[in-house]
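Chain by chain, the residues:
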Amino acid sequence: MDSVSVSFDSSPDSIARPRHDWTRPEAETLYDLPFPDLLFQAQTIHRRHFDPNRVETASLLSIKTGGCPEDCGYCAQSAHYDAGVKATKLMDRDAVLETARRAKEAGAGRFCMAAAWRHPKDRDLDRVCDMIGAVKALGMETCATLGMLTPEQARRLQQAGLDFYNHNVDTSPEFYGKIITTRTMQDRIDTLAHAREAGLKVCCGGIIGMGEQVGDRLGMLLLLANLPAHPESVPINLWNEVRAVPVNDTAERPDPIALVRMIAVARIMMPKSVVRLSAGRQYMTDELQALCFVAGANSIFIGDLLLTTKNPQTVRDAALLDRLGMTSPLDGAKAPATSLI
Ligand code: SAM
Ligand code: DTB
Ligand code: SF4
């Protein structure tokens, strides 16, 4: 690997055009850089494209929980496992809108509506489109994650005012089959293409800590960075523990330094993408989160509940960002909320 060099062309042309031809040896070379060199490279690139002192905030709402026919081995909402999550029907529009209003007041810039579906039925999509229009009218960015989409469904969501579609690749192509059998990686890539072709911005990332190797984490980043267009948003989730799901048999909490290295490599390979430190912040110290921000993470979920699992309290997030002298939409929030639900 010593013979591989990764060039950091600083010409205006290279800054304007992110690469889509990353190789595994290049990703490994970056990952293995001495930590100060890696963070310096990541910070340098981060500063070209973003305010380095600012993080975005998004809030999540599970608009339809549990009973999902998919067998994702990490997920509390799969009907294949008994994680103790009660299945619910699709929420009604007014309840969703009220939660979005409170999320905005608490300092969320984006509102992400999640449903535990393999794919939406057209009848349900009508209702979700209605919710999207109403949330958008509050002046928030909108995101939805509803499972696989047809090209037509993606177009309808875009026309309803949806800004982002979240659909994760979850892990490397090689590790994928150990975690999910009911949906292929190609199915996911097809849905991402449908979202993209419909004019939606793409939010796509994955999970670490499920027992994968560092090579798998880099394999996931290579897949994302070599898509025809980089996802505008890249969520990096640390597996949030859920009982009675298969991932319990293989899960291993990653070394915190390995997480920072991975964030830094994501920042370098996808220089213009917002990298979200997503699930799993409940296990992270303030110092680790601070290092992740230095490495190029620039978005978080706020609110003490993600979908079925915990997230740090918004007051703690606001205090951390304040101690770091960083800005976020939390600064303008009316009152720091302890719960958004
Ligand atoms: N059902 C839809 C789908 O999977 O396409 C959308 C919701 S699903 C919960 C969205 C993503 O959340 C998953 O793809 C996975 O990356 C992440 N996720 C789910 N459970 C998680 C857990 N326990 N810890 C960390 N991330 C998780
Ligand atoms: C993403 O990558 N992380 C969010 C969002 N996209 C939908 C979901 C995290 C879910 C964590 C597990 C849970 O709360 O059930
Ligand atoms: Fe269903 Fe999404 Fe959970 Fe997979 S991650 S089981 S598709 S809710």
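Going by the structure above, here's the rest.
Structural notes, computed from the coordinates.

### Concerning the overall build of the chain
Step number 1: Across its full length, the chain holds 12 helices and 9 strands.
Step number 2: For a compact globule of 341 residues, the expected C-alpha radius of gyration is about 20 Å, and the chain comes in at 19 Å, within 12% of that figure.
Step number 3: The burial tally for the chain puts 56% of its 341 residues in the buried class.
Step number 4: Taking all contacts inside the chain whose residues are at least 6 apart in sequence as the whole, residues at least 24 apart take part in 76%.
Step number 5: Here the chain displays about 14200 Å² of accessible surface, and carbon together with sulfur accounts for 52% of that area.
Step number 6: Where the 38 positive side-chain charges of the chain centre and where its 42 negative ones centre are 5 Å apart.

### Focus: the site of ligand 1
Step number 1: In the vicinity of ligand 1, 17 residues are found, and the nearest of them are T145, N168, D170, R183 and N240.
Step number 2: The side chain of N168 places a nitrogen or oxygen atom 2.9 Å from an oxygen atom of ligand 1.
Step number 3: Interatomic distance of 2.9 Å between a backbone N/O atom of N240 and a nitrogen atom of ligand 1.
Step number 4: In isolation ligand 1 offers 560 Å² of accessible surface; the protein chains occlude 89% of this area.
Step number 5: Its residues placed into classes, the shell around ligand 1 shows 9 nonpolar, 6 polar and 2 charged.

### Structural notes on the packing of helix α4 (residues 93-106) against helix α5 (residues 122-137)
Step number 1: As a packed pair, α4 and α5 sit with axes 10 Å apart at the nearest point and diverge in direction by 30°. When the axis of α4 is compared with that of α5, the two are roughly parallel. At the point where α4 passes α5, the crossing takes the right-handed sense. Along the contact surface, α4 presents R93, V96, L97 and A100, while α5 presents D130, M131, A134 and V135.
Step number 2: Tallied by class, residues from the contact of α4 with α5 come to 6 nonpolar, no polar and 2 charged.

### Structural notes on the side chain of E70
Step number 1: Here E70 is to be found in the loop between β1 (56-64) and α4.
Step number 2: Accessibility expressed as a relative area gives 2% for E70, which makes it buried.
Step number 3: There is a polar contact of 3.1 Å between the side chain of E70 and the side chain of R118.
Step number 4: Setting aside residues up to four positions removed in sequence, E70 forms contacts with S78, A79, H80, R118, M148, T182 and R183.

### Focus on helix α6 (residues 151-159)
Step number 1: Buried within α6 are the following residues: Q153, A154 and L157. On an axial view of α6, the arc spanned by its buried residues comes to 100°, and they lie on one face.
Step number 2: Elements in contact with the buried residues of α6: α5, β4 (164-166) and α8 (185-197).
Step number 3: In the stretch just after α6, G161 is the one whose phi turns positive, near 110°.

### Focus on the pattern of salt bridges
Step number 1: In total, this model carries 20 salt bridges according to the counting rule given.
Step number 2: For E70, the salt bridge is made with R118, and the minimal N-O distance between the two is 3.1 Å. Taken together, the residues span a long stretch of sequence, with E70 in the loop between β1 and α4 and R118 in the loop between β2 (110-115) and α5 at a distance of 48 residues.
Step number 3: If you follow the salt bridges from partner to partner, you end up with R19, D21 and E26 in one network.

### Focus: the pairing of strand β9 (residues 297-302)
For a regular strand, side chains alternate in direction, first toward one face of the sheet and then toward the other.
Step number 1: By the criterion of burial, β9 is predominantly enclosed, with 6 of the 6 residues buried.
Step number 2: With 3 bridges connecting them, strand β8 (residues 274-277) and β9 associate as parallel partners. Paired with V275 across the two strands is A297, which belongs to β9.
Step number 3: In terms of handedness, the path from β8 via helix α11 (residues 286-295) over to β9 forms a crossover that is right-handed.

### A short note on the packing of aromatic side chains
Step number 1: Under the counting rule described, the total for this entry stands at 0 aromatic pairs.
Step number 2: Above the ring of W22, the side-chain terminus of R19 is found at 4.0 Å from the ring centroid.

Calculation notes
- Residues numbered from 1 in each chain as written.
- Chains lettered and ligands numbered in written order.
- Predicted model: local features only at pLDDT ≥ 70, side-chain atom pairs only at ≥ 80, totals over all residues.
- Heavy atoms only, no water.
- Helix = DSSP H or I, 4+ residues; strand = E, 2+ residues; numbered from the N terminus.
- Rg over C-alpha atoms; globule rule 2.2 N^0.38 Å.
- Buried < 20%, exposed > 50% of the residue type's maximum accessible area, 1.4 Å probe, protein only.
- Contact = heavy atoms within 4.5 Å.
- Areas by Shrake-Rupley, 256 points an atom, 1.4 Å probe, with all protein chains shown as cover.
- Lys, Arg positive; Asp, Glu negative; His and termini not counted.
- Charge placed at Lys NZ, Arg CZ, Asp CG, Glu CD.
- Near = heavy atom within 4 Å.
- Polar contact = N/O pair within 3.5 Å; in protein donor to acceptor, adjacent residues only side chain to side chain.
- Nonpolar A, V, L, I, M, F, W, Y, C, P; charged D, E, K, R; others polar.
- Axes fitted to C-alpha atoms, helices over the stretch in contact; angles between N-to-C directions.
- Parallel < 35°, antiparallel > 145°, perpendicular 65-115°, else oblique.
- Left-handed = near helix turned anticlockwise from the far one by under 90°.
- Arc of directions from axis to C-beta.
- Salt bridge = Lys/Arg side-chain N within 4 Å of Asp/Glu carboxyl O.
- Pairing = 2+ DSSP bridges.
- Right-handed = clockwise from strand over helix to strand, strands pointing away.
- Phe/Tyr/Trp six-rings, centres within 6.5 Å; stacked < 30°, edge-to-face > 60°.
- Lys NZ or Arg CZ within 6 Å of the ring centre and 35° of its normal.

Honestly, that's just the spatial picture; any functional story needs more than this.
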